[in-house]
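Single-letter residue listing:
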Amino acid sequence: MSARLLDGQALAARMQQEIRPQVAEFTRRRGRPPGLAIVLVGQDPASEVYVGHKLKAGTEIGFRADLNRLPETATLDETLALVQRLNREEVYDGILVQSPLPKSMGAGAGITVFDAIDPSKDVDGLTAVNVGKLVQNRAALISCTPAGIIELLERERIPIAGQRAVVIGRSDIVGKPMALLLLQRDATVTICHSKTPNLAEVCREADILVAAVGRAAMVTTDFVKPGAVVIDVGVNRVSDRPTVELLYPKGHRRRAVFEKNGSLLVGDVHPAVAELASALTPVPGGVGPLTITMLMMNTLRAAHARVAR
Ligand code: NDP
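Notes on the structure in this doc start here. (Residues numbered from 1 in each chain as written. Predicted model: local features only at pLDDT ≥ 70, side-chain atom pairs only at ≥ 80, totals over all residues. Heavy atoms only, no water.)

### Remarks on the packing of helix α2 (residues 45-61) against helix α11 (residues 287-308)
So, point 1. Across the interface, α2 lies against α11 with an axial gap of 10 Å and an inter-helix angle of 50°. Here α2 lies oblique to α11, going by the angle between them. The two elements α2 and α11 cross, and the hand of that crossing is right-handed. On α11, the residues touching His-53, Lys-54, Ala-57, Gly-58 and Ile-61 of α2 are Ile-292, Leu-295 and Met-296.
So, point 2. Partitioned by chemical class, the residues of the contact of α2 with α11 number five nonpolar, two polar and one charged. (Axes fitted to C-alpha atoms, helices over the stretch in contact; angles between N-to-C directions. Helix = DSSP H or I, 4+ residues; strand = E, 2+ residues; numbered from the N terminus. Parallel < 35°, antiparallel > 145°, perpendicular 65-115°, else oblique. Left-handed = near helix turned anticlockwise from the far one by under 90°. Contact = heavy atoms within 4.5 Å. Nonpolar A, V, L, I, M, F, W, Y, C, P; charged D, E, K, R; others polar.)

Here it is as structure tokens:
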């Protein structure tokens with residue numbers, strides 16, 4: 001069997017077309033575009049790329065999307081002060097603080113900073129208020145990556161209710177909200193993590209398998225029941241040739257990408273899984289573009305909710 005590719009890039013493009021007129025209408029009525037403020041602390045190369053994509057997509061759709069940079073040496077207090085200023089600024093409907101924050105800020109810095117965001121502007125759905133609402137199934141602003149995956153499953157008419165779903169990863173931003181969203185749609189959900197025994201065996205029970213780990217090609221065919229739907233969230237940059245040669249046979253088009261760029265983005269799911277799964281999200285071009293689109297949807301939603309207050 002060769003898996004149907006779930007084209008997140010194409011769906012993201014369609015969704016962006018759908019929201020474009022709504023953004024224009026908001027701008028016309030309110031005399032300003034919906035506004036997104038992104039906070040980037042330090043110069044993590046991956047974060048620079050993600051933030052660049054978010055700013056570009058936002059601007060193209062008609063949002064006001066501004067980057068607020070702080071240096072690597074910024075303190076927690078300085079970061080909190082910036083978030084509090086953005087909370088007060090009327091032009092911003094959404095605030096996103098890009099993870100990870102510099103290690104020097106301390107282990108709990110992320111939660112402290114997220115919790116400082118006004119919940120009505122929390123377009124990443126990470127404040128305690130929005131996480132609590134998600135648990136109670138009354139959330140308005142939900143973490144973008146899992147929300148994008150649900151959008152993809154629903155638009156691709158992949159049944160969720162009554163299915164066995166396994167989520168590998170329990171982060172606040174992907175794994176936990178993913179599991180909750182699947183549960184709310186009546187899947188029977190198992191969450192796995194680094195301490196789960198017999199991981200492959202547990203994963204083989206899944207009709208829907210979501211891999212959000214951050215380990216290149218970890219999910220091999222051993223993890224997948226034939227016919228399962230596999231969602232690959234992981235984004236891993238691989239730059240060593242032996243690994244690339246192990247993953248992709250000679251002549252594979254991804255080898256050419258590696259030769260050109262000197263590295264390759266690889267998901268958590270091994271390419272051989274495509275022969276076993278019924279449907280699979282590619283990396284790149286699967287979950288990533290949907291994450292960005294859901295950020296825009298959340299910003300527009302936040303903008304509408306704020307002006308309605
Ligand atoms: P985290 O590092 O926060 O979480 C990783 C999770 O994987 C943890 O729960 C960890 O378990 C678990 N894990 C690690 N090793 C293993 C293992 N050997 N077996 C089973 N579970 C394991 O990562 P994120 O959730 O933030 O991101 C996960 C991946 O998704 C990353 O590659 C990230 O780049 C990508 N990502 C992609 C996005 C997109 O838009 N495409 C958006 C967000 C993330 P434990 O809790 O026990 O440590």
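### Describing the environment of Val-97
So, point 1. Assignment of secondary structure puts Val-97 in strand β4 (residues 94-97).
So, point 2. The class for Val-97 is buried, based on a relative accessible area of 2%.
So, point 3. Expressed as a C-alpha distance, the spacing of Val-97 and Val-39, which sit 58 residues apart in the sequence, is 4.6 Å.
So, point 4. Setting aside chain neighbours within four positions, we find Val-97 in contact with Val-39, Val-83, Val-113, Phe-114 and Ile-117. (Buried < 20%, exposed > 50% of the residue type's maximum accessible area, 1.4 Å probe, protein only.)

### A look at the site of the ligand
So, point 1. Close to the ligand lie 22 residues; Arg-170, Ser-171, Ser-194, Val-235 and Thr-291 are nearest.
So, point 2. In the model, a nitrogen atom of the ligand is placed 3.5 Å from a nitrogen or oxygen of the Val-233 main chain.
So, point 3. For the shell around the ligand, the element with the highest residue contribution is α11, accounting for three residues.
So, point 4. Of the residues that constitute the shell around the ligand, the class distribution is ten nonpolar, ten polar and two charged. (Near = heavy atom within 4 Å. Polar contact = N/O pair within 3.5 Å; in protein donor to acceptor, adjacent residues only side chain to side chain.)

### Regarding the sheet that holds strand β3 (residues 64-70)
So, point 1. One open sheet accounts for three strands, arranged β3-β2-β4; its pairing is parallel. The open sheet has two edge strands with one neighbour each: β3 and β4. The sheet shows a mean angle of 20° between the axes of neighbouring strands, taken without regard to direction.
So, point 2. Direction of pairing for strand β2 (residues 35-41) relative to β3: parallel, over a ladder of seven bridges. Residue Leu-40 lies in a different strand from β3, and its bridge partner there is Arg-69.
So, point 3. Packing against the sheet, helix α3 (residues 76-88) makes contact with β2, β3 and β4, and its axis sits at approximately 160° to β3. (Pairing = 2+ DSSP bridges.)

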